[in-house]
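# Descriptive structure summary
Below, each chain spelled out in residue letters.
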Amino acid sequence: MKIKHLFLLPLVFVFACGTDDEVFSGDLVDISYNPQAYTIPQPFGYPQMAQPSDNKATVDGVHLGHLLFFDEILSVDSSLACAGCHIPELGFTDGLAVSTGVPGIEGPRSSMSLLNIGFVSNGLFWDGRVNNLEAQALMPVEDPIEMAASWPDIIERIQNHDEYPALFRKAFGIEDRTEIDKFLVAKAIAQYERSLVTANSKYDQVLSGSSSEEFTDEEFEGYLMFFDEPSAVADAECFHCHGGANLASNEFFNNGLQDPEYITDEGVFLVTGNSTDMGKFRAATLRNLELTAPYMHDGRITSLEGVVDFYSDSIHIAGNLDVNLSEPINLSDTEKGFLLDFLRTLTDTTYLSNPHFLDPFE
Amino acid sequence: MFKNIAFITLVSAVFLIGCGSDDTSVTPLESDLTIKFKSHYGPSLLVLGDTYNYLDYEVQFDKFKFILTDLELVSDNNEVVSLSDVTLIDFKDAVNETEAAKGVSFDFSAIPTGNYKSIRFTIGLDSSYLGLTPADFSSNDILAQSELYWASWGNYIITKLEARFDANEDGNFLDETFQYHLGGDEAFRSVEKSIDLSLILDGSSSLDLDLDIKDILTIDGALVDPAEWSATHSTSSVGFIADLLNNFVDAFENN
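In this text the structure is predicted, and so the values were computed from the model without any measurement.

Procedures and definitions
Residues numbered from 1 in each chain as written. Chains lettered and ligands numbered in written order. Predicted model: local features only at pLDDT ≥ 70, side-chain atom pairs only at ≥ 80, totals over all residues. Helix = DSSP H or I, 4+ residues; strand = E, 2+ residues; numbered from the N terminus. Buried ≥ 20, exposed ≤ 12 C-beta atoms within 10 Å, placed from the backbone. Contact = placed C-beta atoms within 7 Å. Nonpolar A, V, L, I, M, F, W, Y, C, P; charged D, E, K, R; others polar. Core = buried A, V, L, I, M, F, W, Y, C linked by C-beta atoms within 7 Å. Arc of directions from axis to C-beta. Domains from an automatic or database assignment. Axes fitted to C-alpha atoms, helices over the stretch in contact; angles between N-to-C directions. Left-handed = near helix turned anticlockwise from the far one by under 90°. Pairing = 2+ DSSP bridges. pLDDT = per-residue confidence, 0-100. Parallel < 35°, antiparallel > 145°, perpendicular 65-115°, else oblique.

### Some words on the overall build of chain A
Helices and strands together make up the secondary structure of chain A, namely 12 helices and 2 strands. Seen in sequence order, chain A has helices and strands lined up from the N terminus as α-α-α-α-α-α-α-α-α-β-α-β-α-α. Once the C-alpha set of chain A is aligned to its principal axes, its extents read approximately 95 × 50 × 35 Å. Within the span of chain A, comprising 362 residues, buried residues form 45% of the whole. When contacts within chain A are restricted to residue pairs at least 6 apart in sequence, those whose partners lie at least 24 apart make up 67%.

### Some details on the overall build of chain B
The helix and strand tally for chain B stands at 4 helices and 14 strands. The proportion of buried residues among the 255 residues of chain B is 33%. Once local pairs closer than 6 in sequence are excluded, the contacts in chain B between residues at least 24 apart make up 74%.

### Considering unusual backbone geometry
Residues and elements named next belong to chain A. Here the bond from A293 into P294 is cis, since omega is -5 degrees, no more than 30 degrees from zero. With respect to the secondary-structure elements, P294 resides in the loop between β2 (281-282) and α11 (304-313). One non-glycine residue with positive phi stands out, namely A148, at about 55 degrees. Mapping A148 onto the fold places it in the loop between α4 (133-142) and α5 (151-159).

### Re the interface of chain B and chain A
At the junction of the two partners, chain B supplies 25 residues and chain A supplies 28 residues. When residues of the side of chain B that touches chain A are traced back to their parent elements, those giving at least two are β9 (155-166) and β10 (176-183) of chain B. Residues that form the side of chain B that touches chain A fall into these classes: 10 nonpolar, 10 polar and 5 charged.

### Quick look at the nonpolar core
Residues L46, I123, Y156, I158 and L182 of chain B are the most contacted members of the largest nonpolar core, which totals 56 residues. Ranked by residues supplied to this core, first place goes to strand β4 (residues 57-75) of chain B with 9 residues. When sequence neighbours within four positions are dropped, the list of residues in contact with L182 of chain B reads I157, I158, T159, A187, T232, I241, L244 and L245 of chain B. Grouped together as the second largest cluster of nonpolar side chains are 45 residues, F92, I117, F172 and I174 of chain A included.

### Some details on α11 of chain A
Quick reminder: α-helices carry 3.6 residues per turn. Residues three or four places apart thus point the same way. All names here are of chain A. Taken residue by residue, α11 has V307, V308 and Y311 as its buried positions. On an axial view of α11, the arc spanned by its buried residues comes to 95 degrees, and they lie on one face. The exposed residues of α11 that point more than 90 degrees off its buried face are E305 and D313. Those residues of α11 hidden inside the fold are in contact with α12 (333-344).

### Regarding the domain arrangement of chain A
Residues and elements named next belong to chain A. For chain A, the assigned domains read domain 1 (59-197) and domain 2 (202-349). Centre-to-centre separation of domain 1 and domain 2, based on C-alpha positions: 28 Å. Counting residues at the interface gives 21 residues for domain 1, matched by 22 residues for domain 2. Its residues assigned to classes, the side of domain 1 that touches domain 2 comprises 10 nonpolar, 8 polar and 3 charged.

### Concerning the environment of K92 of chain B
Residue and element names in this part refer to chain B. Mapped onto the secondary structure, K92 falls in the loop between β5 (80-90) and α2 (97-102). Classification of K92 by C-beta neighbours within 10 Å gives partly exposed; the count is 18. A sequence separation of 107 residues divides K92 from L199, and the C-alpha atoms of the two residues are 30 Å apart.

### Some thoughts on the packing of helix α3 (residues 59-69) of chain A against helix α6 (residues 164-172) of chain A
All names here are of chain A. In contact at an axis separation of 7 Å, α3 and α6 are set at 145 degrees when each is read in the N-to-C sense. In the packing of α3 onto α6, the handedness of the crossing is left-handed. For the pair α3 and α6, contact is made by D60, G61 and L64 and by L167, F168, K170 and A171, respectively. By residue class, the composition of the contact of α3 with α6 is 4 nonpolar, 1 polar and 2 charged.

### A few points about α3 of chain A
Within α3 of chain A, 9 of the 11 residues are buried, which leaves the element mostly enclosed by the surrounding structure. Of the positions making up α3 of chain A, those classed as buried are D60, G61, V62, H63, L64, G65, H66, L68 and F69 of chain A.

### Examining the environment of F137 of chain B
Summarising the element assignment, F137 of chain B is placed in the loop between β7 (114-124) and β8 (149-150). For F137 of chain B, a count of 17 C-beta atoms within 10 Å puts it in the partly exposed group. Along the chain, F137 of chain B and L201 of chain B lie 64 residues apart, while their C-alpha atoms are 36 Å from each other. Setting aside residues no more than four positions away along its own chain, F137 of chain B makes contact with P47 of chain A together with L143 and A144 of chain B.

### Quick notes on the environment of V268 of chain A
Residues and elements named next belong to chain A. For V268, the location among the structural elements is in the loop between β1 (252-253) and α10 (269-272). You can call V268 buried: it has 24 C-beta atoms within 10 Å. Note: C-alpha distance between V268 and Q159 (109 residues apart in sequence) is 37 Å. Apart from residues lying up to four places away in sequence, V268 is in contact with D127, G128, F252, D277, K280 and F281.

### A few points about the pairing of strand β1 (residues 30-41) of chain B
Residues and elements named next belong to chain B. Bridge analysis of β1 against strand β6 (residues 104-112) gives 7 bridges, and the strand direction is antiparallel. The partner of S31 across the bridge, within β6, is I111. By the bridge criterion, 9 bridges tie β1 to strand β12 (residues 204-212) in an arrangement that is parallel. Its bridge partner lying in β12, I35 is registered against L207. Here β1 runs beside strand β2 (residues 44-45); their pairing, made up of 2 bridges, is antiparallel. Its bridge partner lying in β2, H40 is registered against L45. Hairpin geometry of β1 and β2 is characterised by an intervening segment of 2 residues between the two adjacent antiparallel strands and by a positive phi of about 60 degrees at G42.

### Quick word on the confidence of the model for chain A
For chain A, the mean per-residue pLDDT works out to 92, and 94% of the residues sit at or above 70. Note that pLDDT drops below 50 for residues 1-20 of chain A; the model gives that stretch 0 contacts with residues more than four away or on any other chain.

### Some thoughts on the packing of helix α9 (residues 217-227) of chain A against α12 of chain A
Residue and element names in this part refer to chain A. Relative orientation of the contacting elements α9 and α12 amounts to 95 degrees, with a least axis distance of 7 Å. Between α9 and α12, the crossing angle belongs to the class labelled roughly perpendicular. Here α9 contributes E218, E219, E221, G222, Y223, M225 and F226 to the contact with α12, which in turn contributes E335, G337, F338, L339, D341, F342 and L343. Partitioned by chemical class, the residues of the contact of α9 with α12 number 7 nonpolar, 2 polar and 5 charged.

Structure representation (structure tokens):
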């Protein structure tokens, strides 16, 4: 073999590889890629939202995520978007006890609010099974009781879409539509979810002093009960599990919802296999409670009044019941009223006037 | 041909020597170190959810975590090596003997080689953290976690120790409970524990730091009765909190 023939080998190799793969043509390179950082709001009392170093929010990334979040293209029969179970008007929940997927099958758990979800830093879903929004966004597409699709099919749709490839170029700088994959889809959705920040409830306004709003006497009594401040009325001490700016926790609890003789959902135990995690669930944010009924991981409590009644009088004694709930607090009707009045100050509907939170296709 | 080879060899040698002449860096003498915090209940490893005897009760511990700051090694020459600023020691995974034996582990690299005589740290947050809140940190920072901050007191909760008790061996462990959430402006203590640690070049060493929960819960020679102290949720608990924190120091230094 003469040496000059050796120069042909790489070409042969390249063509051989290309025969089974999609053709990389660089069809997007003429579209400008000029990423601009997206500023995520930091409401009063909240920490700065941490973002993964390989997926910091950009204006184009959040825009793409906004479209994908509301697009039914992600489900097997193009009938269900992420927003189908996370409806803006319902605090990004769905108003159902348990969510229903594309095949019409009910899932086991209630849809969780996505407002301020970017501040959660220790496990997502009710059972904390994934650690970040990028990993979370991958799961519903192939879940047979959610979107019931396959990622290869979804990616093919998006790659052949008239508009999405250019938007992926702007968001992530890809040069060819064949570079679109499920991880970029998840990244875009995660960026959008991190941008869903709102904290303009009466509670926020009173705490921050951003307006002339003041608690009523009843709301204030409820506030004192909630946070275990000195008060003439009973302590409810809700803050142990629903504390901090987001009125939530990064810990998981058995709140005595399920009768230990008839556990229907083992919660975190299904993830860890540790008996100490039996029946534990995330203490979800209490923000916008009025919008997110029904309540608890399986939506078994239909009203806010029912939730307060439950914690006051009806907790089941489980082996790993959170010790903060070990004694019934037996609130009077007046005290329950105080607590309810306070909980209603957590409602914030101002975000609904911002198109960023709404369906971009309407 | 041989002349060309000799010339190339010469040029290469000059190039290599030339490069070396400006390079004054010295390979640092460094080592790796793993520090494991292990909690015990008397002679046993502490396993969350396991049952132990406690006064006249049986006890199960649910939670044990604490904040530790300014973790440092002190060499025989009194040189101080800083290892970390803020660390959360959380025994949440100690749900069986295997996990409890692993302890809560932290890996440190590039520690200068040498002999070290002590390790020191602060349990809790010293006065430099006063006035800070989760809003001062990034959401994935230890000090941004809402469950470690008590808004009513305007302080961080630097220790959480929670347990449940069965008073009559009927399997109901809610006869008594305690939730010792320690915090406050003065809720920090310095610890310096003697060690005999030798770190060698490119070596990998391990240092176990053990503490016995019984030591923390023993005041005036007796275990704290949960019927008397079930929580630390008011300013009237300040003296009790101080006792427990002092015990923390002893539990580390004397173990």
